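Here are the chains, one letter per residue:
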Amino acid sequence: MKKLTPAKAVISIFLGIILMLSCFFIYKHIKTAPAKAGSNTIMIGDVPLSDYCIVSRIDTYFESRKLADYIYKSTGNRLKIKFKSGKHNIFLSKKTDNTILHIEKGDVYLLAKGRELDRLVTVCANSLLGFSFSGEDREHLSHEKETLYLPSNLTINSNSGWMPEREPIVCLWNPSMTRGVYYNQNTAPESDILRYSDDDLYEYVRMMQHLGFTGIQVTDICAAWAEFGSYEYVHERLRFMADAAHSLGMKFTLWVWGSEFNGYGWNDTSVKYHGDSVSEIDLPEVTETYEKYYNIYAELADVSDRVIVHYFEPGNVHTMKNAGFFARKLYEKFAAVNPDVNFGINVYSNYFNVDVLKDSLGDLADKITYYTLSALQMDGYGEVRQIIADNSLKYGIWSWGVIEREIDQTAWLNVNSRVIQDTYLNTMAYDGITKPDYWSEMDSYHILNVFSLYCSGKLLTDPTKEADSLVFEAANAAVGEAYGEDLAKVLLLIQKARGGNDIHQFAEGDFFLLESPDYPAEEILKESNEAIDILDGLLAVEDLKCTIPVSVDMHRILELIRPHLLQIRAFAEFRVAYDEMCKMAEAGASRDSLEKWAESAALKDIEEYDVVTGVWGVNEQRIQTKLINEFCEKYGLNPVHNDNVDNGRKQRIMGEFKSLQITSDAMLLFDKKTGFQMGAAYGEAETERLVNELVSEGLLSEYDKDPSKVYVSDWNKLN
């Protein structure tokens, strides 16, 4: 018998220990496996996961067994572990400095350094195998479905590409009663993620991961607390979302209102602000208010990787000096619990003064990350970047009004691949000054925002991707390639009718698409009829193959799209007639014929249905009314009004005035023209007309010292 050398003896002992530990590991995991394994079929492209083998090395054998166990629990299939690749493979390796989980051409790769591979296996179970919180006491199969579909190419949590860190801004306005102003009892419940079950909410976070985001940002605002009458319930849901993100290998960002602690349905009359007096920062009663609410925010410090505080619009500090003073207080509360927290301030260019910030923040100034809006969304963009570069500050993007409208004012379903790309490419042009490595993008309509979120996630990685092709990708991911082209036609119609080609057509202003002479009314009318027929056909299809882990069944999502198509069609019908009447008016049509058309057009409502509308109402109805009013004024016609539209608007005006009055012990005065939404929602003249009607109805009263002002008639009874 050949004698072992000392080196070989050590190797043999080492291999023996590995074998013993492996047996223990296998025993432990098989022993703790559920008595009945899952029965899901998991498809990667067109290949069932049961056809795969796990390709392992000796140094990844533990992790391979763990992964095999999770696959067994999920599907009931035990995959073979091999040391050579087969036809369909799951590869595990520790030979990398990066943590990578992706599917490439049907093969699955789990690559991580050292012990990180074990963590990556649990992330894989959560991301791809239908688990929630794998590796924890609450581990379970979430949303057990007969078949789980995965794409044959998918990258999870990659920090490569143009914007390494990418997060949706999960905006938590109450979709049924945004701003605490107007209650729409018909709003579809799927629009409100705070009412989701645990499994639905987990799936929602998982969806963001599959759409290409590396984390989630959630807005902790008193307007969200108002829906449930307590911040505790909202915090429980936010903590759950943070835990879900972390279990998926993602980051969690908490975004908070830094100086807005009442109103919007959250009524706390103990709140005190500086008002117009900014000479003294540390006023005891004001500082007490901030301390109270900052302590509430800091209850989530232990699960927050990043916190961003927002001070202006809305907010009740009026200088960067005050913002810096209170930002330090908030930072200290979070850092006391989580010293490594990434702390940031949300700033706009007209408030950004780095010298004042540095003076008020002191040694904290260089640690803070500054988050500004993206290109074409604010003035002085290049100047702000230059300030950031000159002072070697950290910098990120908090984007707004690009992939959709924030639902508190002008909510609607958008598909915006062209607007997104236009914004990103224009922003990219400033990267030569200084380049941010973080981007957050608005998610306000939630489940119906999935298609724009898909485009955003891809374009944040590579803004040069062809925009419309991403809409086809999103459609294929939503319903499968057999029906993807049909759904893409529906989505491209929404893009054409509501988003247009660039940020200028999407943002209200001189080029706003719905008011523009470039609005292709006849095309949209024809295509909307076709889209409704297509959608009805898709709703009858049973075998939709959705590869996005959505928390709402895709058939239900398609149902929720349908009323938006009806709104688009109704507005297109109006625009066809409106454009024709404008031509006739210019050609000298009789006053009588113009008045008859205006009266008829004004009576045609564009319904709210079960969509989220915001306090400005349905966008198409709002613009239709505006164009009719302008038409009557231009051609000297008697004004025409729709009682249904007027009543809805007056409810919103009264709702806002009351929601503001209820937060104050003193009588509040509102300007007739600008008191409601600064006059921007319906125009100053139209707002004044509606307010005067409310005065005549006794709900509002004119202020005797200034008849341009009104107050809520029974204001002293609201408290």
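Our structure's up above, just so we're on the same page.
Throughout, residues of each chain are indexed from 1 in the direction in which the sequence is written. Only residues with pLDDT of at least 70 get local features here, since the model is predicted, and only at 80 or more are side-chain atom pairs given and counted; chain-wide, interface and lining totals rely on the full set of residues. As a convention, hydrogens and water are excluded, and side-chain values are obtained from all of the structure's heavy atoms.

Draft legend 1. Summary view of the overall build of the protein. Secondary structure follows DSSP: runs of H or I at least 4 residues long count as helices, runs of E at least 2 residues long count as strands, and numbering of each begins at the N terminus. Counting its regular elements, the protein contains 22 helices and 22 strands. The atom set for the radius of gyration is the C-alpha atoms, and the globule formula is 2.2 Å times the number of residues raised to the power 0.38. For 719 residues, the compact-globule estimate of 2.2 N^0.38 gives 27 Å, and the C-alpha radius of gyration of the protein, at 28 Å, lies within 12% of that figure. Projected onto its principal axes, the C-alpha positions of the protein cover 115 × 65 × 50 Å. To sort residues, take the accessible area from a 1.4 Å probe on protein chains only and compare it with the maximum for the residue type: under 20% means buried, over 50% means exposed, and anything in between is partly exposed. Counting across all 719 residues of the protein, residues that qualify as buried make up 57%. Here the contacts in the protein between residues at least 6 apart in sequence split such that 75% fall between residues at least 24 apart. Residues count as neighbours in contact if any of their non-hydrogen atoms are within 4.5 Å of one another.

Draft legend 2. Looking closely at the packing of aromatic side chains. Only the six-membered ring of Trp is used, alongside the rings of Phe and Tyr, when aromatic pairs are assigned; centres must lie within 6.5 Å, and planes under 30 degrees apart are stacked while those over 60 apart are edge-to-face, with the rest tilted. Within this structure, the stated rule accounts for 37 aromatic pairs. Centroid distance F133 to F240: 5.5 Å. Interplanar angle 80°. Geometry classified as edge-to-face. Of the two residues, F133 is situated in the loop between β8 (131-132) and β9 (140-141) and F240 in helix α6 (residues 231-247); the sequence distance between them amounts to 107 residues. By relative accessible area, F133 is classed as buried at 2%. Consider the rings of W173 and Y264, whose centres lie 5.6 Å apart with planes at 65°: the pair is edge-to-face. With W173 in the loop between β12 (165-170) and α4 (198-210) and Y264 in the loop between β14 (251-257) and α7 (284-297), this pair connects stretches of sequence that are 91 residues apart. Relative accessible area serves as the criterion here: at 5%, W173 is assigned to the buried category. On the basis of relative accessibility, which here comes to 17%, the residue Y264 falls in the buried class. Working rule: Lys NZ or Arg CZ, within 6 Å of ring centre, within 35 degrees of ring normal, means a charge sits over the ring. The ring of F240 has R237 sitting right over it, with the charged end atom 5.3 Å from the ring centre. We note R405 situated over the ring of F506; from NZ or CZ to the ring centre the distance is 5.0 Å.

Draft legend 3. How the structure looks around unusual backbone geometry. Cis geometry is found at the peptide bond from E313 to P314, where omega equals 0°. Turning to its location among the elements, P314 is positioned in the loop between β15 (306-310) and α8 (320-337). With a phi angle near 60°, N157 is a residue other than glycine that sits in the positive phi range. Structurally, N157 is set in the loop between β11 (154-156) and β12.

Draft legend 4. Main features of the packing of helix α19 (residues 591-602) against helix α20 (residues 619-634). Axis lines are fitted through C-alpha atoms, for helices just across the contact stretch, and the angle between N-to-C directions can take any value from 0 to 180 degrees. Packing of α19 against α20 brings their axes to within 10 Å, and their N-to-C directions diverge by 160°. Between α19 and α20, the crossing angle belongs to the class labelled roughly antiparallel. Considering the relative orientation of α19 and α20, their crossing is left-handed. Of α20, the residues touching α19 (which contributes L594, W597, A598, A601 and A602) are Q624, I628, F631 and C632. For classification, angles of less than 35 degrees are called roughly parallel, those exceeding 145 degrees roughly antiparallel, those between 65 and 115 degrees roughly perpendicular, and all remaining angles oblique. Left-handed is the label given to a crossing in which the near helix is rotated counterclockwise from the far helix by less than a right angle, and right-handed is the label when the rotation is clockwise.

Draft legend 5. The arrangement of the pattern of salt bridges in detail. The salt bridge definition used is simple: a Lys or Arg side-chain nitrogen within 4 Å of an Asp or Glu carboxyl oxygen. Enumeration over the complete set of coordinates arrives at 50 salt bridges. Of the charged contacts in the structure, one is a salt bridge between E559 and R556, with a shortest N-O distance of 3.1 Å. With E559 and R556 both in helix α18 (residues 554-586), this residue pair falls 3 residues apart, about one helical turn. The exposure class assigned to E559 is partly exposed, which follows from its relative accessible area of 39%. K650 serves as the salt-bridge partner of E693, at 2.8 Å between the closest nitrogen and oxygen. Of the two residues, E693 is situated in helix α22 (residues 684-696) and K650 in helix α21 (residues 643-661); the sequence distance between them amounts to 43 residues. Since its relative accessible area comes to 25%, E693 is described here as partly exposed.

Draft legend 6. Molecular detail of the environment of D59. Tracing the sequence through the fold places D59 in the loop between β3 (53-55) and α2 (61-75). It is 63 Å that separates the C-alpha atoms of D59 and F571, two residues lying 512 residues apart in sequence.

Draft legend 7. Layout of the nonpolar core. Of all hydrophobic cores here, the largest spans 181 residues; its most connected members are Y311, I345, F451, L487 and I561. Here the element with the most residues in this core is α18; it accounts for 14 residues. Here I561 is in contact with L413, L448, F451, V490, I494 and L535, once residues within four sequence places are set aside. Y52, I81, L120 and F131 belong to the second-largest nonpolar core, a separate cluster that totals 33 residues. Among the buried residues, those of types Ala, Val, Leu, Ile, Met, Phe, Trp, Tyr and Cys that are joined through side-chain atoms within 4.5 Å form a nonpolar core.

Draft legend 8. Examining α6 more closely. In a regular helix each residue adds 1.5 Å, so 17 residues correspond to 24 Å; α6 covers 24 Å between its end C-alpha atoms and thus fits that length. α6 sits mainly inside the fold: 12 of its 17 residues count as buried. One side-chain oxygen of the residue at the start of α6 lies 3.4 Å from the amide nitrogen of Y233, identifying that residue as S230. The positive-phi residue at the C-terminal boundary of α6 is G249, with phi of around 75°. The span one expects for a helix is its residue count, reduced by one, times 1.5 Å. Pairs of N or O atoms within 3.5 Å make up the polar contacts considered here, provided that, within protein, one atom can donate a hydrogen while the other can accept it, and that residues adjacent in sequence are counted only when both atoms are side-chain atoms.

Draft legend 9. Focus on the pairing of strand β17 (residues 369-372). With burial as the criterion, each face of β17 is covered, one bearing T369 and Y371 and the other bearing Y370 and T372. Here, strands pair whenever DSSP counts at least two bridges between them. Summarising the sheet, strand β16 (residues 342-346) and β17 pair through 3 bridges and their orientation is parallel. Opposite G344, over in β17, you have T369 as the bridge partner.

Draft legend 10. Inspection of the sheet that holds strand β18 (residues 394-398) at higher detail. In spatial order, the strands read β12-β13-β14-β15-β16-β17-β18-β19; together these 8 strands close into a barrel with parallel pairing. When strand polarity is set aside, the average angle formed by the axes of neighbouring strands in this sheet is 25°. Bridge count between β15 and β16: 5 bridges; the pairing is parallel. Bridge pairing links R306 to N342 in β16. Each of β17 and β18 is contacted by helix α10 (residues 381-390), which is oriented at about 150° to β18, the strand it contacts most.

Draft legend 11. Main features of the sheet that holds strand β7 (residues 107-111). Taken together, the 6 strands give an open sheet; going across it, the order is β4-β3-β5-β7-β6-β11, and neighbouring strands pair in mixed fashion. Each of the sheet's edge strands pairs with one partner strand only, and the pair in question is β4 (81-82) and β11. Pairing of strand β6 (residues 100-104) with β11 involves 3 bridges; the strand directions are antiparallel. Its bridge partner being in β11, L101 is matched across the sheet by I156. On the sheet, α2 packs against β3, β4, β5 (89-93) and β7 and is oriented at approximately 145° with respect to β5.

Draft legend 12. View of the layout of surface pockets. Volume-wise, the second largest pocket comes out at about 940 Å³. What lines the second largest pocket is a set of 34 residues, and nearest its centre among them are P151, S152, N153, A477 and T547. With 5 residues, the top contributor of residues to the lining of the second largest pocket is helix α14 (residues 467-479). Grouping the constituent residues of the lining of the second largest pocket by class yields 12 nonpolar, 13 polar and 9 charged. The rule is simple: put a 1 Å grid over the protein atoms alone, call a set of points where a 1.4 Å probe fits but cannot get out a cavity, call an open set with protein on both sides within 12 Å along at least five of seven lines a pocket, and count a residue as lining if it has an atom within 4 Å of a point. Grid points are joined across faces, edges and corners, and a volume is the space filled by probe spheres set on the points. Only Asp, Glu, Lys and Arg are considered charged in this grouping, and only Ala, Val, Leu, Ile, Met, Phe, Trp, Tyr, Cys and Pro are considered nonpolar; every other residue, Gly among them, is considered polar.

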